[in-house]
Amino acid sequence: MSEGEQATPEQIETMIALQALLRNGFIAVPYGDNPAEPDELGFVKMRWDIHEIVRVYDEDEASAVRLVGGVPKEKAEGKAVDVVRTVLGWPQIVAANGNRI
């Protein structure tokens, strides 16, 4: 978004969702040649052998995966706000094999 340009309601909702990831322990990583205007944003949270990765391309396109021991156990794709909502709804406690408890 350039200086002076107004954010759309969808962009604002997306920014609020991404801030929720940060409040919940995710670290943000911009991808691309210019960190001020990244091609995509990555968010990662690692706990023991559980890695959650969220990739946001724009407000309409995002994906996420939860890896347990390197094996994908949960996935989400769609609009950024929906993916964030899904990821934040994943159980905080999982069995040693990565299945939901």
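No experiment lies behind these values; they were computed from the predicted model shown. (Residues numbered from 1 in each chain as written. Predicted model: local features only at pLDDT ≥ 70, side-chain atom pairs only at ≥ 80, totals over all residues. Heavy atoms only, no water.)

## With respect to unusual backbone geometry
Glycine aside, the phi torsion of most residues is negative, and most peptide linkages are trans. As a reminder, the rule being used: Working definition: with a 1.4 Å probe on protein chains only, accessible area under 20% of the residue-type maximum means buried, over 50% means exposed, and in between means partly exposed.
For Trp48, which is not glycine, the phi torsion reads 50 degrees and is therefore positive. You can call Trp48 exposed: its relative accessible area is 79%.

## Quick notes on the side chain of Glu74
Stated formally: Put simply, DSSP marks the helices as runs of H or I at least four residues long and the strands as runs of E at least two long, and each gets a number from the N terminus on. By definition, residues are in contact when any of their heavy atoms lie within 4.5 Å.
Tracing the backbone shows Glu74 in strand β5 (residues 71–78). For Glu74, the contacting residues outside a window of four places in its chain are Ala64, Val65, Arg66, Trp90, Pro91 and Arg100.

## Details of the nonpolar core
Rules: In these notes, a set of buried Ala, Val, Leu, Ile, Met, Phe, Trp, Tyr and Cys residues joined through side-chain atoms within 4.5 Å is what counts as a nonpolar core.
Membership of the largest hydrophobic core comes to 16 residues, with the highest contact counts inside it found for Leu21, Phe43, Val54, Val56, Ala64, Val83 and Val87. Sorting the residues of this core by element identifies α1 (9–23), β3 (50–58), β4 (61–68) and α2 (80–89) as the ones contributing at least two each. Here this core gets five residues from one element, more than from any other, and that element is α2. Apart from residues lying up to four places away in sequence, Phe43 is in contact with Leu18, Leu21, Leu22, Phe26, Ile27, Ala28, Glu52, Ile53, Val54 and Val56.

## Some details on the sheet that holds β5
We apply this condition: A pair of strands counts as paired when DSSP detects no fewer than two bridges linking them. The convention used is that axes are lines fitted to C-alpha atoms, helices contributing only their stretch in contact, and that angles between N-to-C directions extend from 0 to 180 degrees.
Judged by pairing direction, the sheet is antiparallel, and its five strands sit side by side in the order β1-β2-β3-β4-β5 without closing on themselves. Because the sheet does not close on itself, it has two edges, and the strands there are β1 (27–31) and β5. On average, each strand axis in the sheet is inclined to that of its neighbour by 15 degrees, with strand direction left out of account. Sheet strands touched by α1: β1, β2 (40–47) and β3. Its angle to β2, the strand with the most contacts, is close to 25 degrees.

## What about α2?
Heads up, the condition is: The reported arc concerns the directions from the helix axis to the C-beta atoms and nothing else.
Burial in α2 covers these residues: Ala80, Val81, Val83, Val84 and Val87. Angularly, the buried residues of α2 cover 160 degrees about the axis, an arc narrow enough to put them on a single face. Facing away from the buried side of α2 by more than 90 degrees, the exposed set consists of Arg85 and Gly89. Check the buried side of α2 and you find it contacts α1, β3, β4 and β5.

## A closer look at the environment of Arg23
Take Arg23: it is sitting in helix α1. For Arg23 and Val94, which are 71 residues apart along the polypeptide, the C-alpha to C-alpha distance reads 21 Å.

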